[in-house]
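# Residue-level structural notes
Residues per chain, in single letters:
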Amino acid sequence: MKSLLTRRSFMKKTSFGFGAAAIGALGAGRIFAASASTDKLALLGGVPVRTKSFTQPWPIFDDNEEKALLKALRSRNWCCLRGNAVYDFEKTFAEAMGVKKAILTNGGTTALSASLHCLGVGPGDEVITTPHTFVATINVITNLPALPVFVDIDPDTGSINADLIEGAITEHTKAIVPVHLSGFPADIEKILDIGSKHRIPIVEDACQSVFAESNGRKIGTFGVTGCISFQEWKSLVAGEGGAILTDDENMMRKCAAFINNGRDPKGQIKGYPFPGSNHRMTEFQAAVLTEQFRRFIEQDRTRQANGKYLEEELAQIPGLKPRKRYNSTTRITYVAFEMDYDRKHFKGVPAAKFAQALRAEGIPISGKMRSYSGGCHREGMLEAHLSSSAFQASFSKARLQKYRQSLRLPVMDNDPPTEKEMLTADSKIPLLGTRKDMDDILEAFHKVSDNIDKLT
Ligand SMILES: Cc1ncc(COP(=O)(O)O)c(C=O)c1O
């Protein structure tokens, strides 16, 4: 925060009448923001640091996407079995991710579901996963119907606690599905070691984490498959869409067949020799995705620069700390911006209140414990599955009863309660801003922090 503090103390010694040279050197926006810092909090009726919105329409597109869409439309090859866009992007994406094969699908959910089907997961089996995820991760397991065995989360990251995985393995375990949440890699190296020790395949749910890395390698390329989502609220988008990444020849063939109603992807066997469904992406989706990918590369660079800058500067405020990364994590994506918040340093003010004051200053942020509050083990869909005829036919009553009793996860359930808190924002769009935008964020944080006693 040195640079900002220097400018702020400089401003204290100067006045608005100081002259054009000072205004030019600092920028007019900085002068407003610097003077606002010592002012009354906007939450208490003061002038906000920022009135310009951080949001902009999403997804972002221009003539390039329009032209690509029209080209696909006019080609009359709308299905990938006749067009080139899907297969061309599969090559582009595989190369960018550093993997032999990317198989495009019509969603992240179907990418996950194809992976589990092709691993042979089915009735009576168990899949180890995390309760802290979007419900799609769990639906693909219960639809098989297999049991999602929930392992509690690491309190410092919200990711699956890799140290608890071995204790959850049974003779029924057929796969482990770790989730890389919000651009933060899970403890993937440790999870891989456990998988290979017990000969259990890992399917990575990398739906939220395109371009995150562990040990310099892209997330989604560690497991037997890695699954990506291009759904509209992700960072690389096609409205709907997904990809299965794999280096495994056997899975490549099985998954490519599965998503295409069992056709032989090599075209060597006639008819429909393999199990399958239709999870194909359309040429329209691939046309948009191809253009979006060019845009994403640039956006990703901007987020990296802004995210690192903000994190480094904010970490200088006592009580704010970047979220813990695992030793192997070499790149987070900043699609979410998360800082640990220790209320002891803020006169006991809860993160939610601090965030409320920031929002009043024009900074879109929340204060909470973690991204998903309740956990999938508490969702109604789980009991609906357990009492379905498919589950009754696949699992004994005693096994289901034991399973129900196992659904207690102290960290996820926050039982006993802890005071873990973080400040978190969906930063996919805000971190595409300018350095001046980032400085407004910093200014607002300092203003709230400097005036914390007014929030007690
Ligand atoms: C962690 C996670 N897994 C799976 C999915 C499913 O992806 P899709 O919506 O593309 O089917 C999502 C999407 O929100 C997700 O966030």
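If you're wondering where the values come from, they're calculated on a predicted model, not measured in any experiment.

Here is what the cut-offs are and how they apply
- Residues numbered from 1 in each chain as written.
- Predicted model: local features only at pLDDT ≥ 70, side-chain atom pairs only at ≥ 80, totals over all residues.
- Heavy atoms only, no water.
- pLDDT = per-residue confidence, 0-100.
- Contact = heavy atoms within 4.5 Å.
- Pairing = 2+ DSSP bridges.
- Helix = DSSP H or I, 4+ residues; strand = E, 2+ residues; numbered from the N terminus.
- Axes fitted to C-alpha atoms, helices over the stretch in contact; angles between N-to-C directions.
- Core = buried A, V, L, I, M, F, W, Y, C linked by side-chain atoms within 4.5 Å.
- Buried < 20%, exposed > 50% of the residue type's maximum accessible area, 1.4 Å probe, protein only.
- Near = heavy atom within 4 Å.
- Polar contact = N/O pair within 3.5 Å; in protein donor to acceptor, adjacent residues only side chain to side chain.
- Areas by Shrake-Rupley, 256 points an atom, 1.4 Å probe, with all protein chains shown as cover.
- 1 Å grid on protein atoms, 1.4 Å probe; cavity = no way out; pocket = protein on both sides within 12 Å on 5 of 7 lines; lining within 4 Å.
- Sits in = over half its atoms within 2 Å of the grid points.
- Nonpolar A, V, L, I, M, F, W, Y, C, P; charged D, E, K, R; others polar.
- Points joined across faces, edges and corners; volume = space filled by probe spheres on them.
- Phe/Tyr/Trp six-rings, centres within 6.5 Å; stacked < 30°, edge-to-face > 60°.
- Disulfide = S-S within 2.5 Å.
- Salt bridge = Lys/Arg side-chain N within 4 Å of Asp/Glu carboxyl O.

## Regarding the confidence of the model for the chain
- Model confidence for the chain is summarised by a mean pLDDT of 92, while 92% of its residues fall at 70 or above.
- A low-confidence stretch, residues 1–35 stays under pLDDT 50, and its non-local contacts, those more than four residues away or across chains, total 42 contacts.

## Structural notes on the sheet that holds strand 13 (residues 366–368)
- Taken in spatial order, the four strands line up as 10-12-14-13 in an open sheet, and their pairing is antiparallel. Across the chains shown, the open sheet's two edge strands, defined by having one partner strand only, are strand 10 (320–322) and strand 13. Across the sheet, the mean angle separating the axes of adjacent strands is 35° when strand polarity is ignored.
- Sheet topology places strand 12 (residues 336–341) next to strand 14 (residues 422–426); five bridges connect them, and they run antiparallel. Across the sheet, residue phenylalanine 337 finds its bridge partner in strand 14, namely alanine 425.
- Along the sheet, helix 10 (residues 283–314) makes contact with strand 10 and strand 12, crossing strand 12 at roughly 10°.

## Comments concerning the nonpolar core
- Grouped together as the largest cluster of nonpolar side chains are 41 residues, with contacts concentrated most on Phe93, Ile128, Ile165, Ile228 and Phe230.
- Listed by contribution, the elements that provide at least two residues to this core are helix 5 (85–97), strand 1 (101–105), helix 8 (188–198), strand 9 (242–246) and helix 10.
- Each residue touching isoleucine 165, except ones within four places of it in the same chain, is listed here: Ile128, Val151, Ile160, Ile176, Ile191 and Ile194.
- In this structure, Val49, Tyr309, Phe346 and Phe354 belong to the second largest nonpolar core, which totals 34 residues.

## Quick look at the site of the ligand
- Around the ligand lies a shell of 16 residues, among which Gly108, Thr109, Asp205, Ser229 and Lys234 are the nearest.
- Glycine 108 has a polar backbone atom sitting 2.8 Å from an oxygen atom of the ligand.
- With respect to the ligand, the side chain of glutamine 208 contributes an N or O atom lying 2.8 Å from an oxygen atom.
- Here the ligand has 380 Å² of accessible area as a free molecule, and 91% of this is covered by the chains.
- According to the grid-proximity analysis, the pocket containing the ligand is the largest pocket.
- A total of three residues in the shell around the ligand trace back to one element, the largest contributor, which is helix 6 (residues 108–118).
- A per-class count over the shell around the ligand returns five nonpolar, nine polar and two charged.

## Structural notes on the layout of surface pockets
- Within this model, the largest pocket holds a volume of roughly 660 Å³.
- Lining the largest pocket are 28 residues, with Ser182, Gln208, Trp233, Lys234 and Tyr372 positioned closest to its centre.

## Structural notes on the packing of aromatic side chains
- In this structure the tally under the stated criterion is 14 aromatic pairs.
- With a centroid separation of 5.5 Å and 85° between ring planes, the pair formed by phenylalanine 89 and phenylalanine 293 is classed as edge-to-face. With a gap of 204 residues between them, phenylalanine 89 in helix 5 and phenylalanine 293 in helix 10 connect regions that are remote in the sequence. Considered together, phenylalanine 89 and phenylalanine 293 belong to a single accessibility category, that of buried residues.
- Ring-pair connections join several aromatic residues into one group, and the members of that group are Phe89, Phe93, Phe211, Phe230, Phe293 and Phe296.

## Some details on empty space enclosed by the protein
- Tallied over the entire structure, the rule returns five cavities of 30 Å³ or more.
- By volume, the largest cavity amounts to about 90 Å³.
- If you trace the largest cavity, you find it lined by Leu310, Phe337, Ile363, Pro364, Ile365, Ala425, Ser427, Pro430, Leu431, Ile441 and Phe445.
- Partitioning the lining of the largest cavity into residue classes produces ten nonpolar, one polar and no charged.

## A few points about the side chain of aspartate 300
- Along the chain, the position of aspartate 300 falls in helix 10.
- Within the structure, aspartate 300 has its side chain in polar contact with the side chain of arginine 331 (distance 2.7 Å).
- Contacts of aspartate 300, omitting those with residues within four sequence positions, involve Phe211 and Arg331.

## Remarks on the state of the cysteines
- Inspection of the entire model under this criterion finds zero disulfides.
- No disulfide involves cysteine 227; its nearest neighbouring cysteine sulfur is the one of cysteine 207, lying 6.3 Å away.
- We note that cysteine 376 lacks a disulfide partner, and the nearest cysteine sulfur, in cysteine 207, lies 13 Å from it.

## Examining the pattern of salt bridges
- Across all of its chains, the model carries 27 salt bridges by this definition.
- Between arginine 399 and glutamate 126 there is a salt bridge whose closest N-O contact spans 3.0 Å. With arginine 399 in helix 14 (residues 397–405) and glutamate 126 in strand 2 (residues 126–129), this residue pair connects regions lying 273 residues apart in the sequence.
- The class of glutamate 126 is buried, set by a relative accessible area of 7%.

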